[in-house]
Amino acid sequence: MATPVSSQALRADDASVSEARSAFSAAAAPLLAGGRVRGIGFKDVTVAYGGLVVLASLTLDVRPGEIVALIGPSGSGKTTALRAVAGFVRPTRGRITIGDRDVTDVAPYARNIGMVVQNYALFPHMRAEENVAFGLRARGVSHAVVRERVPECLRLVGMEAYAKRFPRELSGGQQQRVAIARALAIRPQVLLLDEPLSALDAQIRRSMLDELAKLHRDLPSLTVLYVTHDQTEALTLADHIGIMRDGKLVAFGASRTLYRHPPNRFSAEFLGRANLLPVTSLEPKAGGLAQVRFGEAVLAATNPHGLPQGSQCLLCVRPHDLRLREGEGTHNILAGIVESVQWQGDLHAIALNVQGHKLRLTCAPLGAPPEAGTPLALAFDPHDVTLVPETPPEKPGG
Amino acid sequence: MLVWSKAGRVLAWVTAALLFALIYGVPIGVIALASFSGQWNDVLPSHLTLAHYINAMRGDSAEQTQVSIITGFAASAAALICGSWAALALRNLMRLPRRVLDVIFFVPSAVPSVSVGLALLVAFSQPPVLLNGTRAIVLIAHFVLISAFTYGNVAAGLARLPPEYEQVAESLGARPFYRLRRVILPLVAPYLIAAFSLSFALSMGELGATVMIYPPGWVTLPVGIFSLSDRGAIFDASALTMILALSTLLVLVGLSRISSRAAVR
Ligand SMILES: Nc1ncnc2c1ncn2[C@@H]1O[C@H](COP(=O)(O)OP(=O)(O)O)[C@@H](O)[C@H]1O
Ligand SMILES: [Mg+2]
C-alpha cells in the first residue's frame, strides 16, 4: 500500500459521461456563463516542510465539472494538497494545472479559485453582502455587475434575506452559505472546500450536505475539490474519491467502485468500515468470481483485482451485506458466536466471533434478536463481497 | 466570582476601595486641591482660587500645552506608521530572524530615557547632522522612546489575526495592498488605536529625555511643570499637572470610543 497510485491508472471508463455533462452544463449555468470549464491536475506534486514530506508525489486529475473528494485521517495531507492548488504552499516538486494552464508559479490572487476554509473566515467587519462583493471589488469589477451578482449568489445559497447581517449575527450554517456565495461570486473555475461541514452539528451537516449536492446540480460545470475525513460526505457528493494516508494517495476511483471493490486494506477499512477476513484464494470461477478458503469453509467472492490462485488475501464484507441465514443451504456460510447485540433504533448491530476473527453485522431491527453467546450462521451474496490484496505491513519510516 | 459570602464580598470591595483611594486618590486629590489653593499651611488649603489656572491659560503654559499635544500627536503618528510597518514586514520572517529583530525593536524601551536624551545630544551635536536646539530632536527622542510600544502592540494584534482571512482575501483576487487596506488594517484597528493611545500618553508625560534636549521655544508641559516646581511655584505646577492629566485623558477617551466602534469582532 506504500506505493501511491496514479488516478489515471485507476480511472474507470466514464470519460464520455463527464465530457457530455460538462458540455451540457456550460449552457445550463448562467452563473458561470462565459467561463470555460476547467479541471485540476496534480502531477507528481510533493510538499515538504523542513525536510518532512507531508505530500508525496501526488498525481491526480479532477475532471472539469466533477466533484472529487479527498478523504483520509487527520494529518494525511489533504489540506496541504488543497492549499497547493490555492497557492498557499509551494510544492517542492511537481506541477499543478488548472485547465491547461500551469499555475505552479502563479500568485494565489491570480489563480481564480474559490476557496472555503474550515472555519469560513468571513470578514468580521463586513456585512454578508460586502463579504460576497469582496472578490468582485478586489478585481475592480464595475458597480453595476456587483449590484447584480451579489444578490444572485446570495440567492443561490438561500441567504438573500441575510444580506445586511454581520457574520457574528449568523449561525454556523448561515456563515457557511455566505462563505460559499463569496467564493462563487468571482465565478471561479474551481471550488476548493476544506472540511466545510466539520464545524456544524450533525443535523445541519446533513441538510448542508443535501444543499451542496443541489448546488452542484445547479452549477454542474463547477469543478470541486472537496476535502473531508467523513466518508458519508465523500460518498454522497463525490464522483471520484481519493483516499490519502501519510501524505500518499493510496486509492483513487469512482465512488461506487471504490466502495464496492477497495484496492487495499486501508481503503476498505477507512471507506465504510469493512470486515476483513484473511483467506486463501483457491480457483477462479465464472463471472469474475473466485473460490476462497477461510479456515475450513469454502466461500465464493468477487475478484475484481484478478488475484492469482493460491494468494493470501482479504475477504472484504460490508456489515450490511451479511444476512442471518434462513433455511438450509451450504454455500457462502459463515458460522460464529454472537458476542454482543446492540439496538440502535433504525438497526441492530451484532458483533460475532468467527473462527477467532471479529465480524460486524448490521440489519433491520429484529423481532427476536439473538442472545450473546449463541451460535449464529450468516450468509452473503458472492457479488457483494470482494477480495482485497493483502499487503505486507508497512516498514517504519517507509 | 471568587468570594461567595455577602460579608466577604463587602469586605473585599471596601479593601479594594481603600487601597485605590490611598494609592491613586490621595496623590491626585492633593494635586487637584493644590491647584486651587492660594495658601496651604494647615491640613487643608485656604483661600481657594482659580488664579493658577488663569496663569496657566495665559502665556507660556498655554503654549506648552499646545507643544506637548503637537509633539505627542506627531511622535505617536510617526511611531504608529513605522511600528506597524515593521510589524507587518517582520510578520512573515522566519522565527529566528524575527526574534532577533523583536529584541532590537524593544531595546529603546529598556534604555532609561535620560540615556536616550544624552545619546541624541551627543550624536547630533556635530555636523553633518546638527540637530541640537531644534524641535526635531525632541520629536526624534519621543519617537525613539515610544516606537517600541507601538511595534509591540501592533505585532501582538497581527499575531492574533488568523491567517485564513488574508488567504481567503488573496484567493478572491485581492492584491497585497488591497488586502492590507480592506482586511488587515480594519481587523487590527483596535490594536492600532491602542498603540497610538499608549504612545500619546507616554509622550505627554515624557520628561527624562526632553529635559536634556529641548530647545528654547519648544517647551513641553512636563518640562514646564518641572521648572515651575523647581522655582517653588508648587500651586502653579499643580494646575499645569491637572491640565496635562485632563488633556491626556480627553484624547485617550476619544480614542477609546473610536476603538470600541472599530472592534466589531
Ligand atoms: N505549515 C506547516 N509546517 C509544518 N508542518 C505542517 C504545516 N502544515 C501542515 N503540516 C503537517 O503536514 C501534515 C499534513 O497536514 P494536513 O495537510 O493539514 O493534513 P490533513 O488536512 O489531512 O489533516 C501534518 O502532519 C501536519 O503536521
Ligand atoms: Mg485538514
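Residues numbered from 1 in each chain as written. Chains lettered and ligands numbered in written order. Predicted model: local features only at pLDDT ≥ 70, side-chain atom pairs only at ≥ 80, totals over all residues. Heavy atoms only, no water.

So, the overall build of chain A
Per the secondary structure count, chain A includes 10 helices and 20 strands. Taken as a whole, chain A presents about 17,600 Å² of accessible surface, with 52% of it coming from carbon and sulfur. (Helix = DSSP H or I, 4+ residues; strand = E, 2+ residues; numbered from the N terminus. Areas by Shrake-Rupley, 256 points an atom, 1.4 Å probe, with all protein chains shown as cover.)

Some details on the packing of aromatic side chains
For the structure on display, the rule yields 7 aromatic pairs over all chains. A centroid spacing of 5.6 Å and a plane angle of 65° characterise the contact between F134 of chain A and Y178 of chain B, whose relative ring orientation is edge-to-face. Pair noted here: F134 of chain A is in helix α4 (residues 128-138) and Y178 of chain B is in helix α8 (residues 176-205), and the two residues belong to different chains. Neither F134 of chain A nor Y178 of chain B differs from the other in exposure class; each is buried. Seen from their ring centres, F73 of chain B and F196 of chain B are 5.5 Å apart, and the 50° between their planes marks the pair as tilted. Of this pair, F73 of chain B sits in helix α3 (residues 60-91) while F196 of chain B sits in helix α8, placing them 123 residues apart in sequence. (Phe/Tyr/Trp six-rings, centres within 6.5 Å; stacked < 30°, edge-to-face > 60°. Buried < 20%, exposed > 50% of the residue type's maximum accessible area, 1.4 Å probe, protein only.)

Some thoughts on the interface of chain B and chain A
Contacts between the two partners involve 20 residues from chain B, matched on the other side by 23 residues from chain A. Both sides together, the interface formed by chain B and chain A hides about 2,100 Å², and carbon and sulfur atoms give 68% of it. Taken together, the links from chain B to chain A amount to 3 residue pairs in polar contact (both at pLDDT 80 or more). For the side of chain B that touches chain A, the secondary structure elements donating two or more residues are α7 (163-171) and α8 of chain B. Among the residues making up the side of chain B that touches chain A, the classes are represented as 11 nonpolar, 3 polar and 6 charged. (Contact = heavy atoms within 4.5 Å. Buried area = accessible area lost by both parts, 1.4 Å probe. Polar contact = N/O pair within 3.5 Å; in protein donor to acceptor, adjacent residues only side chain to side chain. Nonpolar A, V, L, I, M, F, W, Y, C, P; charged D, E, K, R; others polar.)

A look at the nonpolar core
Counting residues in each nonpolar core, the largest one holds 77 residues, and the members touching the most others are F42, F123, F134, L192 and L225 of chain A. Not counting residues up to four positions away in its chain, the partners in contact with F134 of chain A are F123 and M126 of chain A together with A169, L172, A174, Y178, R182 and V183 of chain B. Grouped together as the second largest cluster of nonpolar side chains are 47 residues, I71, A128, L237 and A238 of chain A included. (Core = buried A, V, L, I, M, F, W, Y, C linked by side-chain atoms within 4.5 Å.)

Description of the pairing of strand β6 (residues 113-116) of chain A
Residue and element names in this part refer to chain A. With burial as the criterion, each face of β6 is covered, one bearing I113 and M115 and the other bearing G114 and V116. One ladder, built from 4 bridges, connects β6 with strand β7 (residues 190-194); its direction is parallel. In the sheet register, M115 faces β7, and the bridge partner there is L192. (Pairing = 2+ DSSP bridges.)

With respect to the sheet that holds strand β5 (residues 101-102) of chain A
All names here are of chain A. Ordered by their spatial adjacency, 4 strands build an open sheet running β2-β1-β4-β5, and the pairing between neighbours is antiparallel. Of all strands in the sheet, those bounded by a partner on one side alone are β2 (52-62) and β5. Bridge analysis of strand β1 (residues 40-49) against β2 gives 7 bridges, and the strand direction is antiparallel. Bridge assignment links G41 to a residue of β2, and that residue is D61.

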